[in-house]
Amino acid sequence: MARVDFFQTPDLNLLPRDGTVIYHGPILGEVLARDHLEGLQTEVPWQRDELVMFGKRVVTSREVAWFGDPGLAYTYSGSTKQPMPWSERLLQLKALVEQRSGTVFNSCLVNFYHKGEEGMGWHSDDEKSIERDSAIASLSLGAERRFDFRHKETREKVEVMLENGSLLVMQGETQRHWQHQLPPTKKVSAARINLTFRRMAR
Ligand SMILES: O=C(O)CCC(=O)C(=O)O
Ligand SMILES: [Fe+2]
């Protein structure tokens, strides 16, 4: 007898137009996700991020690290940076994310938010150094946080909760037409690490 399997969720596009964002939900079990969170917290040589905001140099309390294949370089706020070599743990996570997203990545920006009050403002990941219209896969570990999308012209908004161990993939024209942010919140005190796997242009 034919039946509908309600437990199998299809890969639905969260965006109504001009791009594709797929939320895969948790792809790591809770215990394994915690283990990776703690491992990365201690293993990664974290550095505060520096950005220019309204013409002023600002240092964030959010910390970052950039990993990638040898030979990649990234010019950012006037300085050229080299990625750190992949660690065993990151190669493991990269393989999992590649398998789930169907994309091969050559770099990963890792963000460490110590608490809910740390976030990331509206932006698109559309720099020239990123391969145009390539997929960006975002793996979340630790505290569950809200993630927002905003259409650049229509200002439509889409929100999604990023659970511990979950995978979100932004693809197609998403970065051309939409911005995203991780809003700061006083409701969350626990730490979160996010890994965004990318394809940098060579
Ligand atoms: O922390 C997140 O979920 C998003 C990070 C992000 O947008 C980025 O690194 O470009
Ligand atoms: Fe981003």
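The structure displayed is predicted, hence computed values, not measured ones.

## Focus: the overall build of the protein
Looking only at helices and strands, the protein has three helices and 13 strands in total. For 202 residues, the compact-globule estimate of 2.2 N^0.38 gives 17 Å, and the C-alpha radius of gyration of the protein, at 17 Å, lies within 12% of that figure. Taken over 202 residues, the protein has a buried fraction of 49%. Of the contacts formed within the protein by residues at least 6 apart in sequence, a portion of 73% connects residues at least 24 apart. For the protein, the exposed surface amounts to about 11100 Å²; the carbon and sulfur share of it is 52%. Across the protein, the 27 positively charged side chains and the 27 negatively charged ones have centroids separated by 5 Å.

## Some remarks on the UniProt feature "domain: Fe2OG dioxygenase" (unreviewed entry) in the protein
According to UniProt, the "domain: Fe2OG dioxygenase" (unreviewed entry) feature falls on residues 104-201. As a span, residues 104-201 carries 4% helix and 50% strand, and end to end its C-alpha atoms are 13 Å apart.

## Let's talk about the coordination of the iron ion (ligand 2)
At this site the iron ion (ligand 2) is bound by His123 (NE2), Asp125 (OD) and His180 (NE2), with donor distances of 2.1 to 2.2 Å. Donor residues for the iron ion (ligand 2), ordered by position in the chain, follow H-x1-D-x54-H. With His123 in strand E7 (residues 120-123) and His180 in strand E12 (residues 178-182), this pair connects stretches of sequence that are 57 residues apart. In this structure, His123 and His180 share a single accessibility class: buried.

## Some details on the sheet that holds strand E10 (residues 157-162)
The four strands are arranged E7-E12-E9-E10 in an open sheet whose pairing can be described as antiparallel. At either end of the open sheet lies a strand with only one pairing partner, and these are E7 and E10. Strand-to-strand twist across the sheet, computed as the mean angle between neighbouring axes with direction ignored, equals 15 degrees. In this sheet, E10 lies alongside strand E9 (residues 145-151) in antiparallel orientation, the contact comprising six bridges. Note that in E10 the partner of Arg150 across the bridge is Lys157.

## Description of the packing of helix H1 (residues 30-43) against helix H2 (residues 88-101)
Two elements in contact, H1 and H2, have axes whose closest approach is 11 Å; the angle formed by their N-to-C orientations is 140 degrees. Viewed along their axes, H1 and H2 adopt a mutual orientation that is oblique. The handedness of the crossing between H1 and H2 is left-handed. Contacts between H1 and H2 involve Asp35, His36, Gly39, Leu40 and Glu43 from the first element and Arg89, Leu90, Gln92 and Leu93 from the second.

Procedures and definitions
- Residues numbered from 1 in each chain as written.
- Chains lettered and ligands numbered in written order.
- Predicted model: local features only at pLDDT ≥ 70, side-chain atom pairs only at ≥ 80, totals over all residues.
- Heavy atoms only, no water.
- Helix = DSSP H or I, 4+ residues; strand = E, 2+ residues; numbered from the N terminus.
- Rg over C-alpha atoms; globule rule 2.2 N^0.38 Å.
- Buried < 20%, exposed > 50% of the residue type's maximum accessible area, 1.4 Å probe, protein only.
- Contact = heavy atoms within 4.5 Å.
- Areas by Shrake-Rupley, 256 points an atom, 1.4 Å probe, with all protein chains shown as cover.
- Lys, Arg positive; Asp, Glu negative; His and termini not counted.
- Charge placed at Lys NZ, Arg CZ, Asp CG, Glu CD.
- UniProt positions renumbered as here; feature names shortened; annotations may be inferred.
- Donors = N, O, S within 2.8 Å, 3.2 Å for Na, K, Ca; no water.
- Pairing = 2+ DSSP bridges.
- Axes fitted to C-alpha atoms, helices over the stretch in contact; angles between N-to-C directions.
- Parallel < 35°, antiparallel > 145°, perpendicular 65-115°, else oblique.
- Left-handed = near helix turned anticlockwise from the far one by under 90°.

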